[in-house]
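# Coordinate analysis (summary)
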Number of protein chains: 2
Amino acid sequence: MLLYLFCVYLTYTEIMKCDLYRLGVVIRHVNKALGDVIVVMAVSKDQESFLYQQVINLIRDMKLNGTLRPGDKLPSLRNLSAKLEVSVPTVKQAYIELERQGLVEARPKSGYYLKALQAESARPTRHSMTSKPVLVRKQSLIEQVYEGVHRPDCIPLGLANPVMAHPSDKGLARTMRRVMSTGGAKVMSYGPMDGFAPLKRQLAMRYLDFGLQVAPEEITITNGAQEAIAIALQCVAQKGDVIAVESPCYFGILELIESLGMMALEIPVCSDDGIWLDDLEQALKTQNIKACVFSSSINNPVGSYMPDCRRKRLVNILEEHDVPLIEDDVYGDLYFTAQRGMPAQCFSEKGLVLTCASFSKTAAPGYRIGWILAGKYAPEVKRLKRALSCSSSLLNQWTLSEFIASGDYDRNMHRLRQVLLCNKERMIAQVQQHFPENTRVSDPKGGAVVWVQLPDGSDTAELFHLALKNKISIAPGAIFSPTCKFNHCTRLSYGLPWNERLEEAIAVLGQLAKEQLKKAQ
Amino acid sequence: MLLYLFCVYLTYTEIMKCDLYRLGVVIRHVNKALGDVIVVMAVSKDQESFLYQQVINLIRDMKLNGTLRPGDKLPSLRNLSAKLEVSVPTVKQAYIELERQGLVEARPKSGYYLKALQAESARPTRHSMTSKPVLVRKQSLIEQVYEGVHRPDCIPLGLANPVMAHPSDKGLARTMRRVMSTGGAKVMSYGPMDGFAPLKRQLAMRYLDFGLQVAPEEITITNGAQEAIAIALQCVAQKGDVIAVESPCYFGILELIESLGMMALEIPVCSDDGIWLDDLEQALKTQNIKACVFSSSINNPVGSYMPDCRRKRLVNILEEHDVPLIEDDVYGDLYFTAQRGMPAQCFSEKGLVLTCASFSKTAAPGYRIGWILAGKYAPEVKRLKRALSCSSSLLNQWTLSEFIASGDYDRNMHRLRQVLLCNKERMIAQVQQHFPENTRVSDPKGGAVVWVQLPDGSDTAELFHLALKNKISIAPGAIFSPTCKFNHCTRLSYGLPWNERLEEAIAVLGQLAKEQLKKAQ
């Protein structure tokens, strides 16, 4: 590994035309057999521009010619300094300037990463609030979306299944084998209705990291977060009640509200900071809101992140009005921010927060294990879980509890976050490159999906069908709102193994969107 | 094995006092080291009574002195004939007479088995019907019962978990290991919302045995039968609606009805033939029944079996009134009758039957996999399942589908039925022996529980607490009725590995019941 991180493979013609050459490319090694040339870049002390500016140009050029791609890690300060024969502070100065320009991002204890260049102004726009709660009628399109994502020949851009980007199946399978060997007939039997005690203890210990003291009996294990939210809703509201949801809102929640005969009231979500609290306050004054379901940490589909101070205010506002908050925290652990957002639970004083989460986005979607930490509703939640579906799979709970205890869960999740962050940058860059002009895209602070807002005149419900013919599944905007607000938007998942086939699918999708737009004009 | 099946171990004093001796016991082998004597019985051709009568007396005596116990298999005709040096027809005549007397039972392709002697008149009595639907309020006692059965130091006579009597964990674990090896990351992922297609195909094939053609899309896989029934109820009824249930009724269904805010109307169950159809017809005329939940094949807690002709009439009556039947068929496969009862589904003409079942009573309670075959409600059921809890564990579904395909499932279940039938006889005999005089006990035609009706003055809710102090858990009668009809009854499970500890527990329980009764008088 002569040149370590900073070796790049370029064809000779690429070198001739690229700006790197202008900076003084030194050819160290020619490998004609491969038809490639390995090049190393250097800065020139004779040039007029500052050295750090030359480093900046170098990085910019490498991005331009595709050598460095959004999501990639930049060389370490020490490495690049040695390679270019400039001082470490010079490289550092260059990186800091690039970060200021929004081109790279510093990640604690990890280094600098290339971002997809995206102006704030290119984020999805704020939409107006619908003032009335509505009955949800979404099931037909949702059904088709589900069928699309499960077609084995389709690229599932419509499926939010981040674990696919970095599967933990081998570690889990190993753990499960061990559990079956040691547990015998016991692991195949019924577990306690409210969950396997060691798993609940593990979860309680994790909440302790946020300073939250949780007794295991306050936690009820469920069949994934979807059941957790279903139980929470049935616990605090009934048919006909108004439930405030995010807008856009994860369609699974809308379908659930529809199934329970409740009404949805949409509160707009800022593409950066979570729901607009002013809109919520306004709605609380004018509407008889019975409960809220918000993904108060990392949102799905926008990927916004509500800062702790705002989340605290959210809880305060709601508890002031005695309105329970059902917190969908499934993406909370997949944060790209410096720290994980604190569960809203931490700010609750009246016990009106019901935190719902699961292992489906972080380890084992197919295990169907989630949980609910239900504040003052804990006893009622426990009864409802028992009545509605008895217990959850003991073997799966047991395996997960061992998986967490061994540290494998956190190690896997750490790596998963890195992969997702890299994928996110690539996804944004791909969308910018291939989608119609004036397409806006969210910049997720975590999770596995971006929210793409296409120019007016686009129809993503139609695009969904066109894409399906091209063996690409997407989640069209229409299913994220009971009032059909987002028919020019779509959610795309980057929670997938990144490869050329995926890139091609995004390009095809962009092309389809362009053609559709041309027809509409 | 010199003497094969018919060798019996008796101490010498036992031989001296027992009637066998009178028939001419031939001592073939004395094993004084063990303090036991191995004896072989013979009939005497010099005696005045018929030879077949002597065989009858021999079997009776062996039962009396505990050599043969209820549930045990009698020697084969050929074997006994050779051993006693009488003709096969003589033994046959004796066995037929014993069967007529109700002491033994012939099982097709298997042989003759000793039954617990029980007069029809000793079955639980018919109780009157409550004419009004009521709101259910049972949760506190049910909660305590659940806590009791999951205490590791308790003998769980209150838990209906028949798989414990013959666990299939080794075969299942083997299958699961194979599935994990071949399926890789895929088995850990989300499965289709309505279930894993190969499992649904297996289930459809099983229904074909009853002449029922089911398309896999008519089946939705659920988290056990409890979720299946919960979905079925939410599909056909809503808060405040009247649901007809069996009386006594499995408490899980009562708790579910309570959770959904529905009303329960109790229809008495005959301890032999399932619900009383006349009572049902009467209720349909006077009450606005929205749906019925009946375990129309094998009932829990009584263990009655509704013959096919009655089940057909049940479906006809209900469809005539356009009332959906939610059929709880979890025990259907654990039949002791010559054939399995046909699912009520087979008799439906209007598609108003929703069959709910699971693998929890036959293979893997901890997998939490059930299903629902929902007639004309299938599309709505599919949507509800998706909205309420997303999909069910793919790995568990996959494993079960392979387990069925390999034939292991049916082989295990065959053996499980044999063990349960043997246990049932032992349980009845134990109750007869140890419980207060005039205790009545049901004679289950399948399943894993008996329904014990104690004499007036007994209080099984109190007995439950007394038993718990003695590390025995029971399911007191009160939780099987929303109107507290059965406080002198209890359900006891024989779905357990039969051993001395269990027998002792039943004896202790009987003693506690006797003491309680004495105090009350």
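Residues numbered from 1 in each chain as written. Chains lettered and ligands numbered in written order. Predicted model: local features only at pLDDT ≥ 70, side-chain atom pairs only at ≥ 80, totals over all residues.

### Digging into the overall build of chain A
Regarding its fold elements, chain A presents 17 helices and 20 strands. Counting over 521 residues, chain A shows a buried share of 55%. Within chain A, contacts between residues at least 6 apart in sequence are counted, and of these 73% link residues at least 24 apart. (Helix = DSSP H or I, 4+ residues; strand = E, 2+ residues; numbered from the N terminus. Buried ≥ 20, exposed ≤ 12 C-beta atoms within 10 Å, placed from the backbone. Contact = placed C-beta atoms within 7 Å.)

### Things to note about the nonpolar core
Buried together is how nonpolar side chains tend to be arranged in soluble globular proteins. Grouped together as the largest cluster of nonpolar side chains are 291 residues, with contacts concentrated most on Ala232(A), Leu233(A), Ile243(A), Ala232(B) and Ile243(B). If near-sequence neighbours (up to four positions away) are discounted, Leu233(A) is found in contact with Ile243(A), Leu256(A), Leu260(A), Met262(A), Ala291(A) and Ile326(A). (Core = buried A, V, L, I, M, F, W, Y, C linked by C-beta atoms within 7 Å.)

### Quick notes on the packing of helix H10 (residues 251–259) of chain A against helix H13 (residues 378–389) of chain B
Put simply, H10(A) and H13(B) touch, their axes get as near as 8 Å, and they point 120° apart. Between H10(A) and H13(B), the angle is such that the two are oblique. H10(A) and H13(B) meet at a crossing whose hand is left-handed. Counting all contacts with H10(A), which are made through Glu255(A), Leu256(A) and Ser259(A), the residues of H13(B) involved are Arg383(B), Leu384(B), Arg386(B), Ala387(B) and Leu388(B). In the contact of H10(A) with H13(B), the residues fall into 4 nonpolar, 1 polar and 3 charged. (Axes fitted to C-alpha atoms, helices over the stretch in contact; angles between N-to-C directions. Parallel < 35°, antiparallel > 145°, perpendicular 65-115°, else oblique. Left-handed = near helix turned anticlockwise from the far one by under 90°. Nonpolar A, V, L, I, M, F, W, Y, C, P; charged D, E, K, R; others polar.)

### Remarks on the sheet that holds strand S17 (residues 449–453) of chain B
Residues and elements named next belong to chain B. A sheet is described by the order of its strands in space; here 4 strands give the open sequence S16-S17-S20-S19, paired in antiparallel fashion. Either end of the sheet is taken by a strand with one partner, and the two such strands are strand S16 (440–441) and strand S19 (475–476). By the bridge criterion, 2 bridges tie S16 to S17 in an arrangement that is antiparallel. Counted as the bridge partner of valine 441 is valine 452 from S17. The strands touched by helix H15 (residues 408–434) are S16, S17 and strand S20 (489–493); relative to S17, the strand with the most contacts, the crossing angle is about 20°. (Pairing = 2+ DSSP bridges.)

### Some details on the confidence of the model for chain A
Residue and element names in this part refer to chain A. Mean pLDDT for chain A: 87, with 89% of residues reaching 70 or above. Counting contacts from residues 1–40, a segment whose pLDDT is below 50, to residues more than four positions away or on other chains yields 56 contacts. Interface scoring of the predicted complex returns ipTM 0.83; its pTM is 0.84. (pLDDT = per-residue confidence, 0-100.)

### With respect to the environment of Val431(B)
All names here are of chain B. Along the chain, the position of valine 431 falls in helix H15. Exposure remark for valine 431: the 25 C-beta atoms within 10 Å place this residue in the buried category. Beyond its immediate chain neighbours, meaning those up to four positions away, valine 431 contacts Thr439, Val441, Val452 and Ile506.

### Some thoughts on the pairing of strand S17 (residues 449–453) of chain A
Residues and elements named next belong to chain A. The element S17 is extensively covered by neighbouring structure, given that 5 of its 5 residues are classed as buried. The two faces of S17 match: Val449, Trp451 and Gln453 on one face and Val450 and Val452 on the other face are all buried. For S17 and strand S20 (residues 489–493), the ladder comprises 5 bridges, and the chain directions are antiparallel. Note that in S20 the partner of valine 452 across the bridge is threonine 490.

### Quick notes on the relation of the copies chain B and chain A
Least-squares fitting of chain B to chain A yields an RMSD of 0.1 Å, with the superposition described by an axial translation of 0.0 Å and a rotation of 180°. Those values place the two copies in the arrangement expected of a two-fold rotation axis. Rotation axis and chain B: the residue whose C-alpha lies nearest the axis is Arg177(B), separated from it by 3.5 Å. Taken as a fraction of all interface residues of chain B, those also at the interface in chain A reach 100%, which identifies the copy contact as same-surface. (Least-squares fit on C-alpha atoms with pLDDT ≥ 70 in both.)

### Some thoughts on the pairing of strand S15 (residues 370–373) of chain A
Residues and elements named next belong to chain A. Going residue by residue along S15, you find Gly370 and Ile372 tucked away on one face and Trp371 and Leu373 tucked away on the opposite face as well. Across 4 bridges, strand S8 (residues 219–222) lies against S15 in antiparallel orientation. Bridged to isoleucine 219 within S15 is leucine 373. Summarising the sheet, strand S14 (residues 353–358) and S15 pair through 4 bridges and their orientation is antiparallel.

### Notes on the domain arrangement of chain A
Residues and elements named next belong to chain A. Considered domain by domain, chain A is made up of domain 1 (4–114), domain 2 (169–409) and domain 3 (412–520). Just the C-alpha atoms count here: the centres of domain 2 and domain 3 sit 26 Å apart. On the side of domain 3, 24 residues touch domain 2, which itself brings 26 residues to the contact. Those elements that place two or more of their residues in the side of domain 2 that touches domain 3 are H10, strand S10 (263–270) and helix H15 (408–434). (Domains from an automatic or database assignment.)

### A word on the environment of Lys186(B)
Residues and elements named next belong to chain B. Relative to the assigned elements, lysine 186 resides in the loop between helix H7 (169–183) and helix H8 (197–208). By C-beta crowding, lysine 186 is classed as partly exposed, having 17 other C-beta atoms within 10 Å. Each C-alpha atom, one on lysine 186 and one on arginine 100, is 58 Å from the other, the two residues being 86 residues apart in sequence.

### Remarks on the interface of chain B and chain A
When the parts come together, some accessible area is lost, and that loss is often what is quoted as the size of the interface. Listed per partner, the contact involves 48 residues of chain B and 48 residues of chain A. If you list the elements that add at least two residues to the side of chain B that touches chain A, you get helix H6 (139–149), H7, helix H9 (224–236), helix H10 (251–259), H13 and helix H14 (394–405) of chain B. The residue inventory of the side of chain B that touches chain A, partitioned by class, reads 23 nonpolar, 17 polar and 8 charged.

### A word on the sheet that holds S17(A)
All names here are of chain A. Reading across from one edge, S16-S17-S20-S19 is the order of the 4 strands in this open sheet, with antiparallel pairing throughout. With partners counted over all chains shown, the strands left at the sheet margins are strand S16 (440–441) and strand S19 (475–476), one partner each. The strands touched by H15 are S16, S17 and S20; relative to S17, the strand with the most contacts, the crossing angle is about 20°.

### A closer look at the packing of helix H16 (residues 460–469) of chain A against helix H17 (residues 500–520) of chain A
Residues and elements named next belong to chain A. Packing of H16 against H17 leaves a shortest axis separation of 10 Å and a crossing angle of 130°. Judged by the inter-axis angle, H16 sits oblique to H17. In this structure, H16 crosses over H17, and the sense of that crossing is right-handed. In contact with Glu462, Leu463, Leu466 and Ala467 of H16, H17 contributes Leu509, Leu512, Ala513 and Gln516. Classifying every residue of the contact of H16 with H17 by side-chain character gives 6 nonpolar, 1 polar and 1 charged.

### A look at helix H8 (residues 197–208) of chain A
All names here are of chain A. Look at H8: 17 Å from first C-alpha to last across 12 residues, which is about the 16 Å you get at 1.5 Å a residue. Inspection of H8 places Leu199, Lys200 and Leu203 among the buried residues, and these make up the whole buried set. Each buried residue of H8 lies within a common arc of 100° when the element is viewed along its axis, so the set occupies one face. The inward-facing, buried residues of H8 abut S8, S15 and helix H14 (394–405). (Expected span 1.5 Å × (residues − 1). Arc of directions from axis to C-beta.)

### Quick word on unusual backbone geometry
The linkage connecting Asn300(A) with the following residue, Pro301(A), adopts the cis geometry, with an omega of 20°. Turning to its location among the elements, Pro301(A) is positioned in the loop between strand S12 (289–294) and helix H12 (308–320). In the Ramachandran plot, Lys109(B) falls in the positive-phi region, its phi being about 60° despite a non-glycine side chain. You can see Lys109(B) is positioned in the loop between strand S4 (104–107) and strand S5 (111–114).

### Comments concerning the environment of Ser168(A)
All names here are of chain A. Tracing the backbone shows serine 168 in the loop between strand S7 (155–156) and helix H7 (169–183). Judged by the 23 C-beta atoms lying within 10 Å of it, serine 168 falls in the buried class. Along the backbone, serine 168 and leucine 416 are 248 residues apart, and their C-alpha atoms lie at a distance of 9.2 Å. Beyond its immediate chain neighbours, meaning those up to four positions away, serine 168 contacts Val163, Ala363 and Asn412.

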